[in-house]
Amino acid sequence: MISSVIVYGLVNSVILTLIAIGFSLTFGISGVANFAYGGFYLFSGYLTWMLLNYLGLPFALAIVITVVVVGILGFLTYWVILLRVRGIVLSEVIATFALGVGMLEFFRWKGFVTYEFTLPFFIKGSIEIAGVPLDYQRLLIIGIGLAMIVFLYIFIHHTRIGLSFRGIAQNERTAISLGIESDWTAALSLALGSAMAAIAAIAILPLGIISINVGYDVLLIAVAVGIIGGLESVPGILVGSFILGYAQVITGMYIAPEWMMVVYLVAIVLVLAIKPSGIFGKFKELEERV
Amino acid sequence: MVRYRKERLDRGIKVRCEDIFALSSYRETLYLLLPRALPVVALLILPMLKGVVGLYWEKVLIITCAIALLAISWDLLASVGLVSLGQALFFGAGAYLAGFFNRSFGWPPFLTIPFATLGGALCCTLLLLPVLRLRGVYFAIVTLILPLLLARVIEATKILGGTEGMSALSPLPNIWFELYVPVIALLVCLFGFRRLINEDYGLVLQGIRDNDRAVMSGAINIYRFKAQAVFMAAAAGAFAGAFMTHYYQFVGMPAFALDYSILPLTCAVLGGVGSFAGPVIGAFILVPLSELLRAFGTLRVVFYSAILIICVVGLPEGVFHYISRKYHQFERVVKIE
């Protein structure tokens, strides 16, 4: 029992990290709203499905195409929509939120809701870790999650582009005066965040069927993790998802699986009441707490 | 090369009417009165036409009033600088409380609706109290997920009827009650909020939106004002929810559905933010339109989203501000010297 809590808690936490990381990169780190995140996530799932089933492409090629297409879509979202309302945070949020809802409801209308919409596992089979059976897909998710965290950490702390992402979030004018192209950087961060959503979708969606509500859940999870850990820090995302992931698995094991959603609500309300900037939130603290 | 530009000038009648309260002619009185009286009269006459337009469109009128109430509640919050993406929270709180009072205590509608309005507003205010310290986007994020989460909590814990909801609640007494209560509530909220926001109290609220630190430095407790604004906005939304519960004689998880968040938001943005009249105009455009599009099913939400994006990006002014500009000013083309 204890070992299965530990193993499945780890898997669940890494899933939450994977989901939250792309949202956090665009919104938390470079300060560009991307509330179409759930829409992009689900769109990646359906795009891969369509590439596999309508065009019969090999899985690896379908993955590459999906990630690239969704990345370009994110870039275009910035260039077509957000560029015109840049700086008006509210309009940014409303426009991207509407875009996400529009995408999700479009798929619902097209009837993409039945059980046949599943993605294949990367590798079939399972192994046993400490007496707990664990399939390779979940093991792979842990690997991808860790790789993404390491990538993100190095990317935003040690590369030019990553540093300029943080630059435009901290002070856009100063960033411009130092030669950072604000629009280009913002569009790039949206593209990267969307591509990360695609990677997360392709890794996680094989575990269940692709359904519309997953898209809303994804946004919910991303926001919950961000609020708890602090939106703008990589360790924050990690800690936030581990707290939520383990709390969920323990609730699911010892109380009832239906109560797992209640964990989010309790956690969010508690964190907001005690430390509104999140556990690791730092530089935005002064801005968000009046 | 001769170049031209557009020039906007206030109409003479507007300039005269602006500060002089002793109006000199019927024309000037009408100029001021007409835009206010016309919608009131129209709204009061509409329910009487039920023989002419049919009960179906009267039903649309009721839904329109409920959505318009949610939209002006959004606008009130927006004028304090709190942007809500989850009006369904207010609607759902009122709806569920009304259902709960009716089901558990057997109260009649004229008791449940006021109590659910006040109780729902109180619950929402308490729930949002820790969030009031957040600004802008952070508040929007939290309000976006709260109704979704509450729906999940009800689903999970099976309280208040769980997934099936509560049905067979008491109906409203008669058709006139059904039609006039939402219309009058809408008018009271519309003109009440418009008055409120221009009083000293409302100026403080607008000050909080424009520069909250400046208001704080004036030794004003802005959290108290924000909480009061949330209470008022939530009361308007909860009333709409409580009323619709008795109108449908059913309350269930759809009360927290995204429709009740995104439709009022679309109405407010389409109609024009910050005037209260704008969101009402938006509601009276969008809700009947969405009834006409009922055949498209969930594709309607895609339409709302498209309208929302187009309005936010392309027409940030809104219908109301456009109309009022045309009413108060005229435009002419002048040569650039």
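Residues numbered from 1 in each chain as written. Chains lettered and ligands numbered in written order. Predicted model: local features only at pLDDT ≥ 70, side-chain atom pairs only at ≥ 80, totals over all residues.

Trainee: Help me out: how do you make sense of the overall build of chain A in this one?
Mentor: Across its full length, chain A holds twelve helices and two strands. Each helix and strand of chain A, placed in order from N terminus to C terminus, yields the pattern α-α-α-α-β-β-α-α-α-α-α-α-α-α. Its C-alpha atoms give chain A a radius of gyration of 19 Å, within 12% of the compact-globule value 19 Å for 290 residues. Once the C-alpha set of chain A is aligned to its principal axes, its extents read approximately 55 × 50 × 35 Å. Counting every position in chain A, which comprises 290 residues, the buried fraction comes to 49%. Summarising the internal contacts of chain A: among those between residues at least 6 apart in sequence, 75% fall at separations of at least 24. (Helix = DSSP H or I, 4+ residues; strand = E, 2+ residues; numbered from the N terminus. Rg over C-alpha atoms; globule rule 2.2 N^0.38 Å. Buried ≥ 20, exposed ≤ 12 C-beta atoms within 10 Å, placed from the backbone. Contact = placed C-beta atoms within 7 Å.)

Trainee: Please clarify how the interface of chain A and chain B should be interpreted in this entry.
Mentor: Accessible area lost upon the coming together of the parts serves often as the stated size of an interface. On the chain B side, the residues contacting the 35 residues of chain A number 37 residues. Counting residues per element, the ones that place at least two in the side of chain A that touches chain B are helix H4 (89–110), helix H9 (212–229) and helix H11 (260–274) of chain A. Considering every element that reaches the side of chain A that touches chain B, the biggest residue donor is H4(A), with 15 residues. Residues that form the side of chain A that touches chain B fall into these classes: 27 nonpolar, two polar and six charged. (Nonpolar A, V, L, I, M, F, W, Y, C, P; charged D, E, K, R; others polar.)

Trainee: Would you take a moment to explain helix H11 (residues 222–248) of chain B for this structure?
Mentor: Each turn of an α-helix holds 3.6 residues, which means side chains three or four residues apart point in the same direction. Residues and elements named next belong to chain B. Its 27 residues give H11 an end-to-end C-alpha distance of 39 Å, which sits within 8% of 39 Å, the value for a rise of 1.5 Å per residue. Of all 27 residues in H11, 19 are buried; the element is thus mostly enclosed. Where H11 terminates, the next one or two residues include Gln249, which has phi positive at roughly 55°. (Expected span 1.5 Å × (residues − 1).)

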